[in-house]
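# Survey of secondary and tertiary structure
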Amino acid sequence: MTTTVQQTDSAVETNDEVILAVNDLRTYIFTRAATVKAVDGISFSLRKGETLGIVGESGCGKTMTALSLLRLVPRPAGRIVTGEIVLNGEDILQKSEDEMRDVRGRQISMILQDPQTSLNPVFTIGNQLREALGIAHKENKRSMLGRAVDALRSVNVAAPERRLDDYPHQMSGGMKQRVVGAIAMSCEPGVIIADEPTTALDVTIQLQYLRLLKEIQANTGLGIIFITHDFGVVARMCDRVAVMYAGRIIEQGEVRDIFNAPAHPYTQALINSVPKLEQRVGRLYQIDGQPPLLSNLPEGCRFAPRCAYASDQCLESYPQSYHMKDGHYADCWALDPAWQGTPIAEFIAPTGRTG
Amino acid sequence: MAVQANAPGGPISDAAAGQSAERRVSVSKVWEELRRSPIIPLLILIIFLIGPAIFANVVAPHGPVDNHLDKAKLPPAWVGDQRMEQVIVQRARADSEVSINNVKHLLASGGATLVDVDGNGEANLGDSLVTVIPGGSMEFPLGTDKLGRGVLSRLLHGARVSLMVSCLAILLGGFLGTSLGMLAAFRGGLVDGIVMRIVDIKLAFPSILLALTLVAAVGSGYVTVIAVIALLLWARYARVVRGDALAIKQRDFIDRARVAGATNMRIMLKHIFPNVFNTVIVLATLEVGHVIILEATLSYLGAGIQPPAPAWGVMAADGRELITSAWWIFLFPCLAIVLTVLSMNLLGDWLRDRLDPRLRNV
Amino acid sequence: MQRFIILRLLQGLLAVFVISLIVFALSRVAGDPLAAILDDESGKEQIELLRKQWGLDQPLHIQYLTYMRRLLTGDLGTSFKWDRPVAELIAEKLPATIQLSAFALIITGVIAFPIGVLSAVKKDSWFDTGGKMFAILGQSAPTFAVGLILMWIFAVQLGWLPTSGKGGLRYMLLPGFALGYYNVAAIMRLTRSSMLDVLDTEYVKLARIKGIPEWRIVWKHCFRNALIVPLTYFSLILAVLITGSVVIETIFAWPGIGQLVIQAIVSKDHITVQAIVMLFALLYIGINIVTDIVYAYVDPRIRYS
């Protein structure tokens, strides 16, 4: 599976400037019946020009994490209970709603999953673009038009002048997703969250789109948080990856490290469940059982009920985070020096796939 | 999970907002529960519509058309005697005035006394007339109308009229619509085309106008009212039943019945009708309120049930003339209609949610 | 867009044709149109003369054509009751009806849309619950009951407004509200539910992500989309207005078409009744076509399909 888009060499744009740091973020949804712990104490950081992948099964809290970063958790049931989201040196959880509006779009933005529904059907593309551009630039109509054309050109839309008067339903899915991208990037934010931006697109269009995102990143030094359930896309797009399971990040680190030596049994299982062309695998790996309900989480390790190697300790208490190397962390008791069960090296053999 | 997304405040202000949100939820929750449960509307219906309709003869203190001219316009039982003072003027223009020509007549009929300002013993301009309006009595708990007929008794008998007219109209309309709907689905082609076009035009046209035209053409009365309402109703049944029947027609058991040699008639009655029955029942329940309103409106306009029959619409029309002096004549029938229709609608909603949620958008 | 308009006009013409057929048929179902004006003493020759004069001796389809020709030339016949051309009567009464209906429509728009939107934005609040109760109550009360109760409270008990007749704005308030009441309840409910749907869409989420102020999201991005559903019910709104105007004009002695038609019905003046029903039908169909075009303007998806 060779494509022209290769995993970016981390050295190109990345520098050490951290633009987003999330610390012990918890977002719960309070319903009459139960409290759904959609995001339950996650921490990660993003540097300038870096792409961080957040991977996990659907319903593990990925999207809620994204919405929390924008402070757009569905109200009134959803609430950010505690934590810190430090964006460009300021904790946005301390900001008022008015201040928040200046943050959204200008400092952090998001590309939604489904381009078919993320554009307003009753306004033209130009109208929606100019509205987004108007937030950062208060200028006359003429120069706004120019900016809109530039914005469309920047996402490789052909003949942008003519496209401005089109309505969303007159465009193809891939085109719409480019426009959504243009809108999201119209105020030149430092961070963009891409929430499975390609799942609704055709496979050929997917690659184009991912390539476009990387191009833009190379030009602007954008930090991207890439939410997906597809490890293949992670390998192609991301510098670092955080694996989410049941509201927590259970493992994170450099993509290469995680692929070469996944520490957490869940990560191992996920990587093993990705079909690989270069390997003759008899059948795809599959994890038995269901992820726990976010409204009824187990005491101990959340993966323990499905983990083949779980011990009593795993069922009783949540594991610490263990640091392996270069920011590679994993939450698993098997990494503890005092671990009595199957040694981690004897877990399912990690697939030796090199970067 | 709540659908509404809104921008949250910080974690601290969130907690406060959450609390008030929960309190608000509980208020609307009670309302929702009340709305969802069929018990209250059922009780109201039994007390106000079905009970009186069946037992009107027994429960009602008087017959619906018994006149008591000497006791006309009596207020409800809880209203006491009222003293009214009117100034004598040349031509009365307000309630507080009485014209000089009427004074003699009023004095002679008794119940009125003269306040003789100038003391000459005669009624002159500028004097006042004091009339004592008698209060209500338990004989007529809700008062009487201008002919001295008991409002309560007429109301109770009116329930019978409303129920009878709406049931018959719905039965007739439902029968017509269901048959045509099944026929359209079954025959398809031209029959289907014609029936559905008529349905479209019918559904689009303001029903009361058609009703008025019909009534103007053939005259009013029970039979006409029922027929007219049935003609207004059938289209909705036809459309829904046709849709259902078309779906059922595709199913295997219809083919099997056909293979077994069943006639078209038999297939429609034995196989299709039982399957659309639920839908028809729900539609009918949803329709009752609408039909009661329709009948009352027609009767109010003089194009429905004719006086002196105790239809609620007729009673309200009687009360319109006396709205300034005898509010009870128009108000009670109006309230009876609103209460009945309200409970019928709530009951219909409940039944629909239970039996056939698809009909929400019909 | 042009094709859309032409298509819609053709459909309208078809509907007018069908309704004219129905009205014509009804006028014949009613029996001999002469019966109403002739009594037993009318001589045979006189009847024959009138019959010929009115073309009643012709076959039905010829009669229909004559009827349509007259209709198209604006000859709506002469009223038995008032002994005047019906067209003249209508011309005299129509402005009052349009005035009242327009007022009721404005009331509906001004009250129903904002309240519907706010109920959705403040879902489950006291405001929302109150709105829901109002809507359910509103759909359970016949127009005449609302009219009578409003009249009793505000004109009779409080004495703030006149009970009936036509005059300035004060005279229009009660009938206007009574006429608009049902539509307010219905449109409020529709706006609320469609607004709730819109607030939940991805494009609203994207608008929030863009950092657009909430009021702008509600009134620019949501309102127009939320308007589409209630607008599709405009024909129902209109039907309610037409039906309601008949009732309300009768109650409040408002000298419009509604009152005219009831008087005509009571005095069995078929010609007037038929003319008015035809007029209402034309109005109704015409306004529906206009609405559809407006609707196509609001929702570009329809325009191009």
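Keep in mind the model is a prediction, meaning the values are calculated, not measured.

Rules and cut-offs
Residues numbered from 1 in each chain as written. Chains lettered and ligands numbered in written order. Predicted model: local features only at pLDDT ≥ 70, side-chain atom pairs only at ≥ 80, totals over all residues. Heavy atoms only, no water. Helix = DSSP H or I, 4+ residues; strand = E, 2+ residues; numbered from the N terminus. Contact = heavy atoms within 4.5 Å. Areas by Shrake-Rupley, 256 points an atom, 1.4 Å probe, with all protein chains shown as cover. Domains from an automatic or database assignment. Buried area = accessible area lost by both parts, 1.4 Å probe. Polar contact = N/O pair within 3.5 Å; in protein donor to acceptor, adjacent residues only side chain to side chain. Nonpolar A, V, L, I, M, F, W, Y, C, P; charged D, E, K, R; others polar. Buried < 20%, exposed > 50% of the residue type's maximum accessible area, 1.4 Å probe, protein only. Pairing = 2+ DSSP bridges. Core = buried A, V, L, I, M, F, W, Y, C linked by side-chain atoms within 4.5 Å. Patch = residues over 30% accessible without salt bridge, like charges linked within 9 Å, V, L, I, M, F, W, Y side chains within 5 Å. Salt bridge = Lys/Arg side-chain N within 4 Å of Asp/Glu carboxyl O. pLDDT = per-residue confidence, 0-100. Disulfide = S-S within 2.5 Å. Axes fitted to C-alpha atoms, helices over the stretch in contact; angles between N-to-C directions.

## Some words on the overall build of chain A
A tally of regular secondary structure across chain A gives 12 helices and 12 strands. Partitioning the intrachain contacts of chain A with sequence separation of at least 6 by distance along the chain shows that 65% fall at a separation of at least 24. As displayed, chain A has an accessible area near 15200 Å², and 48% of this comes from carbon and sulfur atoms.

## Some points on the overall build of chain C
Across its full length, chain C carries 13 helices and zero strands. The secondary structure elements of chain C, listed N-terminal to C-terminal, are α-α-α-α-α-α-α-α-α-α-α-α-α. Considering only residue pairs separated by 6 or more positions, chain C has 73% of its internal contacts joining residues 24 or more positions apart. Roughly 13800 Å² of accessible area belongs to chain C as shown, and the carbon and sulfur atoms make up 65% of that amount.

## Observations concerning the domain arrangement of chain A
Residues and elements named next belong to chain A. You can read the domains of chain A as domain 1 (4-107 + 189-346) and domain 2 (114-188). Each of domain 1 and domain 2 was reduced to a C-alpha centroid, and the two centroids are 30 Å apart. Contacts between the two partners involve 16 residues from domain 1 and, on the opposite side, 16 residues from domain 2. In terms of surface lost to domain 2, no three residues of domain 1 exceed Arg 106, Tyr 209 and Leu 212, which account for 36% of the buried area on that side. Viewed at the interface, domain 2 and domain 1 are joined by three residue pairs in polar contact (both at pLDDT 80 or more). Of the residues that constitute the side of domain 1 that touches domain 2, the class distribution is 11 nonpolar, three polar and two charged.

## Let's talk about unusual backbone geometry
Put simply, Pro 307 of chain B and Pro 308 of chain B share a cis peptide bond, and its omega is 10 degrees. Note that Pro 308 of chain B resides in the loop between α9 (264-300) and α10 (312-321). Positive phi, normally seen in glycine, also occurs at Asn 88 of chain A, with a value near 50 degrees. Take Asn 88 of chain A: its relative accessible area is 40%, and that puts it in the partly exposed class. One non-glycine residue, Glu 188 of chain A, lies in the positive phi region at around 50 degrees. Counting through the fold element by element, Glu 188 of chain A comes out in the loop between α7 (173-184) and β7 (191-195).

## Things to note about the sheet that holds strand β5 (residues 90-91) of chain A
All names here are of chain A. Strand order in the open sheet made by the four strands is β2-β1-β4-β5, with antiparallel pairing throughout. Of all strands in the sheet, those bounded by a partner on one side alone are β2 (35-47) and β5. As paired elements, strand β4 (residues 78-87) and β5 share two bridges and run antiparallel to each other. Residue pairing across strands places Leu 87 opposite Glu 90, the latter belonging to β5.

## Quick look at the nonpolar core
The biggest cluster of nonpolar side chains holds 145 residues, and the ones touching the most others in it are Leu 212, Ile 229 and Ile 272 of chain B together with Phe 144 and Leu 148 of chain C. For this core, the leading source of residues is α9 of chain B, giving 15 residues. Sequence-distant contacts of Ile 229 of chain B, that is, excluding residues within four places in its chain, are made with Val 165, Ala 169, Val 291, Leu 294, Glu 295 and Leu 298 of chain B. If you look at the next biggest cluster of nonpolar residues, it comprises 105 residues, including Ile 29, Met 64, Leu 87 and Val 191 of chain A.

## Quick notes on a nonpolar patch on the surface
A surface patch of nonpolar side chains, amounting to about 650 Å² of accessible area, comprises Leu 42, Ile 46, Ile 50, Ile 54, Phe 55, Val 58 and Val 59 of chain B. Secondary-structure assignment places Ile 54 of chain B in helix α2 (residues 39-59).

## Some details on the confidence of the model for chain C
All names here are of chain C. Across chain C, the average pLDDT comes to 80, with 89% of residues at or above 70. Here helix α13 (residues 300-303) is the element of chain C with the lowest mean pLDDT, 64, and helix α4 (residues 86-121) is the one with the highest, 87. Reported confidence for the predicted complex is 0.79 by ipTM and 0.71 by pTM.

## Focus: the state of the cysteines
Residue and element names in this part refer to chain A. In the structure shown here, the tally under the stated rule is zero disulfides over all chains. Of the cysteine sulfurs around Cys 60, a residue in no disulfide, the closest is that of Cys 301, at 14 Å. No disulfide involves Cys 307; its sulfur sits 6.3 Å from the nearest other cysteine sulfur, which is in Cys 314. The exposure class assigned to Cys 307 is buried, which follows from its relative accessible area of 18%.

## Regarding the interface of chain B and chain C
Each partner contributes to the interface: chain B provides 45 residues, whereas chain C provides 47 residues. For the pair chain B and chain C, the two sides together bury roughly 4600 Å², of which 77% comes from carbon and sulfur. Taken together, chain B and chain C are joined by zero salt bridges. In this assembly, chain B and chain C are joined by two residue pairs in polar contact (both at pLDDT 80 or more). Contributions of two or more residues to the side of chain B that touches chain C are made by α1 (11-36), α5 (189-204), α6 (207-218), α9, α10 and α11 (327-355) of chain B. The leading source of residues in the side of chain B that touches chain C is α11 of chain B, at 10 residues. The residue inventory of the side of chain B that touches chain C, partitioned by class, reads 32 nonpolar, eight polar and five charged.

## Looking at the sheet that holds strand β10 (residues 248-254) of chain A
Residues and elements named next belong to chain A. The eight strands lie next to each other as β6-β7-β8-β3-β9-β10-β12-β11, forming an open sheet whose pairing is mixed. Both edges of this open sheet fall to β6 (108-111) and β11 (321-323), since each of them pairs with a single strand only. Averaged over all pairs of adjacent strands, the angle between strand axes in this sheet comes to 20 degrees, irrespective of strand direction. In this structure, strand β9 (residues 240-245) lies alongside β10, joined through six bridges in antiparallel fashion. In the sheet register, Met 244 faces β10, and the bridge partner there is Ile 249. On the sheet, helix α1 (residues 62-69) packs against β3 (51-55), β6, β7, β8 (223-228) and β9 and is oriented at approximately 150 degrees with respect to β8.

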